[in-house]
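Observations on the three-dimensional arrangement
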Amino acid sequence: MLNKTVEILLVEDNIDDAELTIREMKKHNLANELFHVKDGAEAVDYIFGKGAFNGRIIEQRPKLILLDIQMPKLNGIEVLEAIKTDERTKTIPVVMLTSSKEDPDIKRCYELGANSYIVKPVNFEAFTAAIKTLHYYWLLLNEPPVK
Amino acid sequence: MTNSINRLMIFALLLLTIAVSAVTAISIWQSQRIKSFNTEITRFEENRYLMQQLIMAVLDNETGARGYVITGQKSFLEPMIVSERKLDELRIILLKRTATPELATLLDDSLSPIINLRKEFSWQMVALVDNGRLEEAKKLVSSGLGKHYTDEARKFAAKIDTIRTNLLNTKRKANETFIQDLNRFLILILIIILIISIFNFRQLAKIYKKQKAIELHLRQSEQLYAALFYKSPIAKWIVNPRSNIIVDVNDSFCELFDLKRENVTGKTNAEVGLNSSPEVRDEVLKQIMEKGFARNVEYKVPLPNGTIKWVSMSIDPIKLDGDDCFVGASADITIRKEKEQEIAKMNAELEQKVNEKTAELRKNEQQLKTLNDSLERMVEHRTAQLSAANKEMEAFSYSVSHDLRAPLRGIIGFTNIIQEDFGDTMQEEEKRLFGIIKKNTEKMGNLIDDLLDFSRLGRKEISKLTVDSETMVQEVVEEIGRVNTRTDAIEWIIQPLPPVNADISTIRQVWVNLISNAIKYSKQAPKPVIEIGSYRENGHIVFFVKDNGVGFDEQYKNKLFNVFQRLHSENEFEGTGIGLALVKKIVSRHDGKVWATGEIDKGAAFYFSIP
């Protein structure tokens with residue numbers, strides 16, 4: 001399980017939001033390659049092979065990380081910083097998928113090296129469209145960084 | 001100029017002296033020459049006389065001899081012997097007196113021999129007579145030889161005389177020419193002397209005139225200075241510093257110090273009662289030593305009659321008849337001093353008053369300041385309170401909206417899941433009810449989004465730049481057009497729009513809201529026309545968006561811009577009612593105004609102004 005290839009790492013504390021996202025991803029046959037962690041600390045542990053995920057190979061990087069901001073323990077910005085300042089992980093594309101439309105947050109994320117910033121729409125159609133677009137863009141169109 | 005004239009005069013005098021000396025010398029020389037010439041003449045005459053004597057002696061000799069022959073008387077022999085003696089004497093004398101060699105030769109070689117012959121002839125005759133040879137003697141006489149000898153002697157004598165006379169004449173002529181030349185020369189010198197004398201006399205006359213003029217000038221100067229001294233309106237005096245005696249004073253002095261001149265001149269300051277204090281004397285001395293004169297030394301003079309005067313004294317050194325004296329001038333400044341004292345007193349009084357008033361003022365100032373300070377602190381406090389309250393409010397509304405969104409997302413999402421997963425097994429009514437739930441939730445979501453936007457705007461800083469309105473409007477229209485396909489049917493009249501100084505993103509929001517409103521509310525119009533333009537008014541730029549859509553009832557126009565306030569139902573036109581409130585808020589932050597006009601079914605026009 002530790003060394004299963006993961007295409008998408010979803011970092012989301014809201015279980016309902018997570019369920020919706022995963023459901024949409026399923027529609028695009030990505031559920032198998034999607035891994036969900038529930039807070040910032042778990043995310044960091046997973047990415048860096050620490051704690052509960054001790055032994056996971058760091059170099060087996062996910063293709064995409066979907067990162068929420070408002071989370072307990074470590075918030076999304078702190079996780080982002082951790083990812084983007086480590087040589088081994090900074091090339092992983094990170095999309096901030098969050099409710100916050102706050103300019104300071106947006107600015108900070110881009111400063112830290114977030115690849116994209118998307119505000120979760122309330123409207124469901126818009127939400128599914130966003131997920132779809134995400135999938136198409138980051139997993140199909142975009143050239144991933146060299147492994 | 002005088003120097004060269006003096007030198008000229010001296011030179012002239014020198015010449016004069018030389019000339020006069022020359023004239024004198026020449027005159028003396030001339031008289032010498034004349035004297036010597038006269039001697040020559042005398043000499044000549046003597047020689048001639050001697051010559052004549054000689055010839056007479058010859059004649060006597062002849063006569064004597066003849067007479068003896070004729071008469072035979074011995075008495076005739078005597079003159080003959082006498083003459084012989086005379087002839088010898090004369091011959092010697094004449095020879096001695098003859099300087100000219102030519103004459104001497106004649107005398108010696110010609111005359112003397114003839115005379116000897118004559119003498120011998122005479123003795124021959126005598127001898128004959130003595131020897132009784134009278135007839136032979138008479139024959140000798142008649143032969144004429146004796147006469148011949150006499151005649152020859154005469155001839156030679158005459159020749160000698162002529163030569164002598166010629167010599168004398170030559171000498172005389174030479175003398176005369178000499179004297180003539182001399183005289184001419186003398187006349188020349190005399191003329192020169194005359195000229196020089198005239199020149200000298202003229203110079204002397206000039207000098208004399210000048211001297212007189214200088215004396216006159218001097219006298220006039222003296223009179224002028226005397227007048228200045230005596231008639232000066234300022235008290236003046238002259239003192240001899242060595243003896244301290246007052247030499248002279250002028251009328252003003254007497255007036256100022258109430259003294260008579262005769263009581264003052266010849267006395268010292270002390271005697272007159274006008275001594276000044278040691279400080280004043282020291283000051284005067286100091287100035288004189290530094291500059292050579294003293295200026296404006298002010299001091300008090302108690303007069304002998306009891307009054308006190310203030311004077312301003314100045315002292316200068318002068319020379320009077322060779323003595324070093326001081327001339328002093330004292331101006332009466334009593335009145336000025338009195339006035340100065342008065343002014344000083346008034347000034348002091350004024351200053352005191354001013355100080356009192358200033359102290360009062362300062363006290364008042366302090367009070368004011370304290371009041372001000374406490375006011376300010378109060379204001380600060382209130383502002384801080386308000387600010388904090390505001391922040392709290394905003395943070396509150398933000399977090400509320402934010403935190404409300406997540407569950408909403410959940411409700412909508414899962415409602416959809418139900419619809420998707422179980423839609424096939426649901427009844428129409430069930431579907432309809434779920435539809436209502438979803439619709440309402442979505443509405444709530446929109447409300448929350450709008451509220452979020454509205455609140456965020458309150459917290460955001462606006463930064464003003466020059467915004468190209470025209471480009472922005474074009475972009476907005478295009479963008480809305482991409483989303484809303486209905487825009488193709490609309491006729492757009494977009495006038496040229498001026499640039500404004502505004503915050504880019506918020507002004508954009510204004511345009512977006514107004515234009516999307518215009519589109520939304522025109523959707524029922526058969527030929528929707530939307531006009532966008534601007535004009536200037538009172539220093540503001542006013543933009544407008546006009547449509548020919550459904551319009552609104554003007555009596556409610558004040559409610560238009562309220563939050564969540566609508567003039568139409570949700571069924572007619574969707575929307576939360578926050579769009580215009582947002583526009584108003586943004587425009588207010590730009591210090592502008594919004595307003596609208598409308599007519600039901602004719603259309604509406606929305607205006608906003610930006611300074």
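Residues numbered from 1 in each chain as written. Chains lettered and ligands numbered in written order. Predicted model: local features only at pLDDT ≥ 70, side-chain atom pairs only at ≥ 80, totals over all residues. Heavy atoms only, no water.

Some words on the overall build of chain A
Of the regular secondary structure elements, chain A holds five helices and five strands. Secondary structure of chain A in N-to-C order comes out as β-α-β-α-β-α-β-α-β-α. Out of the 147 residues in chain A, the part that is buried amounts to 50%. Look at the contacts in chain A between residues 6 or more apart in sequence, and 64% of them connect residues 24 or more apart. Accessible surface, chain A: about 7,000 Å² in total, of which carbon and sulfur atoms supply 53%. (Helix = DSSP H or I, 4+ residues; strand = E, 2+ residues; numbered from the N terminus. Buried < 20%, exposed > 50% of the residue type's maximum accessible area, 1.4 Å probe, protein only. Contact = heavy atoms within 4.5 Å. Areas by Shrake-Rupley, 256 points an atom, 1.4 Å probe, with all protein chains shown as cover.)

Things to note about unusual backbone geometry
All names here are of chain B. One non-glycine residue with positive phi stands out, namely aspartate 258, at about 55°. With respect to the element layout, aspartate 258 can be found in the loop between helix H6 (251-257) and helix H7 (261-264). Even without a glycine there, the phi angle at aspartate 321 is positive, about 50°. For aspartate 321, the location among the structural elements is in the loop between strand S4 (308-320) and strand S5 (323-332).

Notes on the packing of helix H3 (residues 101-130) of chain B against helix H5 (residues 145-231) of chain B
All names here are of chain B. Interaxial distance between H3 and H5 falls to 9 Å at its minimum, and their mutual angle equals 160°. Considering their axes alone, H3 and H5 lie roughly antiparallel with respect to each other. At the point where H3 passes H5, the crossing takes the left-handed sense. Grouping the constituent residues of the contact of H3 with H5 by class yields 15 nonpolar, three polar and six charged. (Axes fitted to C-alpha atoms, helices over the stretch in contact; angles between N-to-C directions. Parallel < 35°, antiparallel > 145°, perpendicular 65-115°, else oblique. Left-handed = near helix turned anticlockwise from the far one by under 90°. Nonpolar A, V, L, I, M, F, W, Y, C, P; charged D, E, K, R; others polar.)

Regarding the packing of aromatic side chains
Residues and elements named next belong to chain B. For the structure shown, the criterion picks out 17 aromatic pairs over all chains. Their ring planes at 80° and their centres at 5.9 Å tell us that phenylalanine 121 and tyrosine 149 sit as a pair that is edge-to-face. Taken together, the positions of phenylalanine 121 in helix H3 and tyrosine 149 in helix H5 put the pair 28 residues apart, joining distant regions of the chain. For the pair shown, phenylalanine 121 and tyrosine 149 are each scored as buried. Feature note: the residues Tyr535, Phe544, Trp595 and Tyr607 constitute an aromatic cluster, connected by ring pairs. Taking the ring centre of tryptophan 310 as reference, the NZ or CZ of lysine 337 above it sits at 4.9 Å. The ring of phenylalanine 544 is capped by lysine 546, whose NZ or CZ atom sits 4.5 Å from the centre of that ring. (Phe/Tyr/Trp six-rings, centres within 6.5 Å; stacked < 30°, edge-to-face > 60°. Lys NZ or Arg CZ within 6 Å of the ring centre and 35° of its normal.)

Focus: the pairing of strand S4 (residues 94-98) of chain A
Residues and elements named next belong to chain A. With five of five residues buried, S4 lies mostly within the body of the structure. Neither face of S4 is open: one carries Val94, Met96 and Thr98, the other Val95 and Leu97, and all of them are buried. In this sheet, S4 lies alongside strand S3 (residues 64-67) in parallel orientation, the contact comprising three bridges. Among the inter-strand pairings, leucine 66 is bridged to a residue of S4, identified as valine 95. For the segment spanning S3, helix H3 (residues 76-85) and S4, crossover handedness is right-handed. Two strands pair when backbone bridges link them, and S4 and strand S5 (residues 116-119) are joined in this way by four bridges, in the parallel orientation. Bridge assignment links valine 95 to a residue of S5, and that residue is serine 116. (Pairing = 2+ DSSP bridges. Right-handed = clockwise from strand over helix to strand, strands pointing away.)

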